[in-house]
Amino acid sequence: MTTVIADATTVFVRQWLPSWRSPAGLLFGMLQPLLFLVFFGPLLGGVDGLAAGGAADSWAWFVPGVLVMLALFGTTATGYGLLTEMQTGSLERLLVTPLNRTAMLVGRTLNDVATLLAQALLIVLVVLPFGVRPHPLGLLVALLLLAALGVGVGALSHALAIACRAHHETFYAIQSSLLFPLLFLSGLMLPLDMGPGWMQTVGRWNPLTHVVDALRAVFVGRYDTGLLGVGALSALALAVVGLALGTRAMRRASG
Amino acid sequence: MIRARGLSKRFTSKGHVVEAVTDLDLDVEEGELVAFLGPNGAGKSTTLRMLATLLPPTAGSATVAGHDVVREPAQVRRRIGWIGQGSGAGHYHQVRDEVVLQGRAYGLSWREARRRADELLAALDLDGLARRMVGTLSGGQRRRLDIVMGLVHAPPLLFLDEPSTGLDPHNRARLWEHVLGVRERFGTTLLLTTHYLEEADAMAERVVIIDHGRVIADDAPARLKAELAGDRIVVDLADHVGVAAAQAAAAHLPGAHDLVARGTTVSLRVPRGSEVLPGFLRRLDEDGVAVRSAEVVRPTLDDVFLSQTGRSLRDGSAAPQPASEAEVLV
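Note that the structure is predicted; figures quoted are calculated from it, not measured.

Draft legend 1. Broad picture of unusual backbone geometry. Residues and elements named next belong to chain B. Even without glycine at this site, A154 takes up a positive phi of about 50 degrees. Looking at the element boundaries, A154 is found in the loop between α5 (139-151) and β7 (157-161). A154 sits in the partly exposed class, given 13 other C-beta atoms within 10 Å. The backbone phi angle of D258 is positive, close to 50 degrees, even though this residue is not glycine. Within the fold, D258 resides in strand β12 (residues 257-262).

Draft legend 2. Focus on the domain arrangement of chain B. Residue and element names in this part refer to chain B. If you check the domain split of chain B, you get domain 1 (2-219) and domain 2 (229-309). Here the C-alpha centroids of domain 1 and domain 2 sit 42 Å apart. Of the residues lining the interface, 9 residues belong to domain 1; the matching set on domain 2 comes to 7 residues. The class makeup of the residues in the side of domain 1 that touches domain 2 is 7 nonpolar, no polar and 2 charged.

Draft legend 3. A look at the pairing of strand β8 (residues 189-194) of chain B. All names here are of chain B. Where burial is concerned, most of β8 is hidden: 6 out of the 6 residues are buried. What you see with β8 is no split at all: T189, L191 and T193 on one side and L190, L192 and T194 on the other are buried throughout. Note: strand β3 (residues 33-37) against β8, 5 bridges, orientation parallel. Bridge pairing links V34 to L191 in β8. Alignment of β7 against β8, held across 5 bridges, turns out to be parallel. When the sheet's bridge partners are listed, D161 is paired in β8 with T193. After leaving β7, the chain enters helix α6 (residues 169-186) and then returns to the sheet as β8, a path that is right-handed.

Reading guide: rules and limits
Residues numbered from 1 in each chain as written. Chains lettered and ligands numbered in written order. Predicted model: local features only at pLDDT ≥ 70, side-chain atom pairs only at ≥ 80, totals over all residues. Helix = DSSP H or I, 4+ residues; strand = E, 2+ residues; numbered from the N terminus. Buried ≥ 20, exposed ≤ 12 C-beta atoms within 10 Å, placed from the backbone. Domains from an automatic or database assignment. Contact = placed C-beta atoms within 7 Å. Nonpolar A, V, L, I, M, F, W, Y, C, P; charged D, E, K, R; others polar. Pairing = 2+ DSSP bridges. Right-handed = clockwise from strand over helix to strand, strands pointing away.

The structure is reproduced here in structure tokens:
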């Protein structure tokens, strides 16, 4: 177990170093969520029910959605880095070292989480001047939920990358064709209640819906609604499934 | 250092079964420098990957650095260094970071990993590039960085898969200087693959020639060439008249084979060609055959490959060399 932790730390540090050396790289993965924040967020001020108590209310509703968008646009693509490393020979070089195979996946996924949380904090800092005041404890809980989501999405992205190692295009084809349905069927952009019944039904099966609902509740300091429990379970379930598939894929990566 | 018995690897892709390596036996002693030589697809890299725990063998067994590659891969990995065909360092990483982290991957302390990184980067003339991004290095620099990373834990055995492919002659020479320097300093056992004949000939003490997944020859390059190919004597005659007499004389030389006449040129293979040549020329003189020129051509490893497979390594083609019966007389 100590080897797994030590090895995962080594892998995490290796993955994190490029961001540490040039932090501007963190902005790269958050371009689309930022664009949505700047060009879509203001429109929500005009949506009945979202801006009942003024524009700040609609921001408090939308920002948790943007945080989940970070995972959707950024973390889902993390496997591409692994694909590149399979192509160049870096992964092969690492597979010959005694690094624990589970740790190789966990360390990479921890970097996805760290990246996601750093980007989330940046978003929160950006919206503070606009009067958005997340509940302090709620923000902490939101980041924990986001971390669990990051583990699940990151590990699944790595598993997908390894599955697509013979045909790189497949990775992007699958990732980008899942991206927008997941985005629209989670109520990230607009409440699903506004849509037809089928969208609401499908949306209930999307774990992201529950994660973003929980995020929205804790953001305004509400822990009593049951949304937190369902959201936390959804995020944790995703993390467990992701880690199981991811570590299995990584153990088979060398063959 | 390495002991493989009956090592085999079979790949199945889209219904086709490919026998990449078949029943390979190999023993490599500590301190040896062994080169796997063979055409593309011969099974060199597959063998290396099985020995380095990257591929599980379909059949057979191998012990590397005292441990079984299938049952104790982690023990094997601790004791081997690997320089693969690709570039091992991440392109968005800084040079020194990658070396230090490689040390950490082998369980060195941070302090020890940093010390080894600085020492090895200096030894391979990369110390000025420690803060550079790997993606900005030249091909030769990247290859030397791969060597640094392969040596960070001072392994007793180093695998190099096509280490010099894609490098220009200058960088290839420089790389070899470093590889041989490493061996001298650390006593590392080296097992490498190459499809450069000259490289295997000049650098390796022992060449294992592989074709279609099987070992077809295994010895010191000089012995392989002497025993499996032999020198070639080529004489050019003044006119066509003497060709028949020259062929008759050549056929009587002890151990002569591959006797070929083309125009006024007669050539043959014979052991110790330079000792045989003076007597052969005297005999031609006695027979009244006028010789315009004569030379002894030393065999290459390509001649060895040709003698064992009927194909040339150089052109990489699978087709046997055409040889009409009129030309091959003995």
